[in-house]
Amino acid sequence: AFIWNLEIGKCSKAGQYSKALQFFNQMQSEGVKPDKYTFVLVLKACSRLAALEEGKLIHQQVIESGCQSDVFVGNCLVNMYTECGSIKDACTVFINMPTRDLVTWNTMISGYVKCAESQKALETFQLMKIEEVWPDRITFVSVLSACANLAILEEGILAHSEVFRSSCESDISVGNCLIDMYIKCGSMESASRVFNNMSTRDVISWSAMIMGYAKDGQGETALKLFSDMENHSVQPNNITFMGALTACGSIESLAMGRLVHAQVLESKRESDVFVGNCLVDMYCKCGSIEDAYRVFKGMPNHSMVSWSTMLGGYSMHGYGKEAFRLFDNMCQEGWEID
RNA sequence: AUUUUGUAGCGCGCGA
């Protein structure tokens, strides 16, 4: 089995999960019994492929082989079920596990967040502490995003204090999650306090703050941060630019919008459909329908959002005729409304 | 030889 595991492990590392499962089948047809290391690898493959049926069959084999009490195998089963969208099965495995470690709890908590059961995620976090398993940075990424999803500031503040208790506050991912949580809970002030206290900030930290201020109607502050980024030698990405464009739209500053647009062109980001949509939206909000349509027309491909942004811009500014004509074009290109 | 991290992002509408 060892030699097969090496082979399967190689596929897994290379992201070739289907191939890993092929090897697994081949291994069995040659009469080699899989062990717990094999199960860990193939269950991970099932998770990545969201292959529920395969996963269930392997679960059966795990039970037959007596490996189900292994904590690594159990963790992989829990993860496989959550990734396959079967939280109920994940929960059953979780409950029946003889021992649970930190990874087990983290897997279950993130599983709940993934299936939009943030409340359950927080409850599981409580249980974990009762069982005296102490959270780490990975736990907090899930817990804080659960708080963000629920948008309950009090829960977020509680989680923040736990971050300190666990000395995770200097972790950059945790810091970014705290920023995101405070923003989604409506507290830009707390978000900026976290941001300012961070010893290092990455592009995610900056982008989150820029978009946060932009959506909060504080476009100037957002654009100030956008220009500050350079001085901190953090390179903006497409998402950062989307935030800057949102900021221009929120303060209806056509001049700033054009400036950011120029930067978009300079850095060759205009072919990105998301950036394109933001450009269209920005020009609509700044009252320049002509520019909006020019950008829209120039986009290499459109999404449903592109069309509705442009249509919304037309109707907002009283361009009824153009809106109808565009709607016709949209239908001709095969877009359906739902 | 093995497992966990939905941390930032676009429009409109509706609901609360």
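If you're wondering where the values come from, they're calculated on a predicted model, not measured in any experiment. (Residues numbered from 1 in each chain as written. Chains lettered and ligands numbered in written order. Predicted model: local features only at pLDDT ≥ 70, side-chain atom pairs only at ≥ 80, totals over all residues. Heavy atoms only, no water.)

## Structural notes on the packing of aromatic side chains
Any pair of aromatic rings gets described here by the distance separating the centres and the angle formed by the planes. Per the counting criterion, the structure on display carries nine aromatic pairs. Seen from their ring centres, Phe296 and Trp307 are 5.1 Å apart, and the 75 degrees between their planes marks the pair as edge-to-face. Taken together, the residues Phe296 in helix H18 (residues 289-298) and Trp307 in helix H19 (residues 304-316) connect sequence positions 11 residues apart. The pair formed by Phe296 and Trp307 is uniform in burial state, with each residue classed as buried. Aromatic ring contacts, followed pair by pair, group Tyr293, Phe296, Trp307, Tyr314 and Tyr319 into a single cluster. In this arrangement the basic side chain of Arg100 is found over the ring face of Phe94, its NZ or CZ atom lying 5.1 Å from the centre. Sitting over the ring of Phe195, Arg201 keeps its end group 5.0 Å from the ring centre. (Phe/Tyr/Trp six-rings, centres within 6.5 Å; stacked < 30°, edge-to-face > 60°. Helix = DSSP H or I, 4+ residues; strand = E, 2+ residues; numbered from the N terminus. Buried < 20%, exposed > 50% of the residue type's maximum accessible area, 1.4 Å probe, protein only. Lys NZ or Arg CZ within 6 Å of the ring centre and 35° of its normal.)

## Notes on unusual backbone geometry
Despite not being glycine, Ser233 shows a phi value in the positive range, around 45 degrees. A positive phi angle is found at Lys268, which is not glycine, with a value near 55 degrees. Mapped onto the secondary structure, Lys268 falls in the loop between helix H16 (254-266) and helix H17 (273-285). Residue Lys268 is classed as exposed on the basis of its relative accessible area, which comes to 68%.

## Observations regarding the side chain of Ser192
The topology assignment puts Ser192 in helix H12 (residues 188-197). With relative accessibility at 15%, the residue Ser192 sits in the buried group. Not counting residues within four places of it along the chain, the set of residues in contact with Ser192 comprises Met209 and Tyr213. (Contact = heavy atoms within 4.5 Å.)

## Comments concerning a nonpolar patch on the surface
Among the surface-exposed residues, Phe2, Ile3 and Leu6 lie close enough to one another that they form a single nonpolar patch of about 360 Å² accessible area. What makes Leu6 partly exposed here is its relative accessible area of 46%. (Patch = residues over 30% accessible without salt bridge, like charges linked within 9 Å, V, L, I, M, F, W, Y side chains within 5 Å. Areas by Shrake-Rupley, 256 points an atom, 1.4 Å probe, with all protein chains shown as cover. Salt bridge = Lys/Arg side-chain N within 4 Å of Asp/Glu carboxyl O.)

## Here we look at the protein's contact with RNA strand B
Close contacts around RNA strand B come from 39 residues, with Val40, Lys114, Lys215, Asn277 and Ser308 the closest. Taken together, the sugar and phosphate atoms account for 45% of what RNA strand B places within 4 Å of the protein. A distance of 3.0 Å is found between a sugar or linking oxygen of RNA strand B and a side-chain nitrogen or oxygen belonging to Thr309. The class makeup of the residues in the surface near RNA strand B is 17 nonpolar, 14 polar and eight charged. (Near = heavy atom within 4 Å. Polar contact = N/O pair within 3.5 Å; in protein donor to acceptor, adjacent residues only side chain to side chain. Nonpolar A, V, L, I, M, F, W, Y, C, P; charged D, E, K, R; others polar.)

## Regarding helix H8 (residues 118-130)
For H8, spanning 13 residues, the distance from its first C-alpha to its last is 19 Å, which sits close to the expected 18 Å at 1.5 Å a residue. Turning to H8, its buried residues are Ser118, Ala121, Leu122, Thr124, Phe125, Met128 and Lys129. In an axial view of H8, the angular spread of the buried residues amounts to 160 degrees, which keeps them on one side of the axis. Looking at the buried residues of H8, the elements they touch are helix H7 (102-114), helix H9 (137-150) and helix H10 (153-165). Of the residues one or two after H8, Glu132 is the one with positive phi, at around 60 degrees. (Expected span 1.5 Å × (residues − 1). Arc of directions from axis to C-beta.)

## Description of the nonpolar core
If you look at the biggest cluster of nonpolar residues, it comprises 103 residues, and the most contacted ones within it are Ile58 and Leu144. The greatest single-element share of this core, amounting to eight residues, is contributed by H17. If near-sequence neighbours (up to four positions away) are discounted, Leu144 is found in contact with Ala159, Val163, Val174, Cys177, Leu178 and Met181. (Core = buried A, V, L, I, M, F, W, Y, C linked by side-chain atoms within 4.5 Å.)

## Topic: the side chain of Lys129
Here Lys129 lies in helix H8. Each residue touching Lys129, except ones within four places of it in the same chain, is listed here: Trp134 and Glu162.

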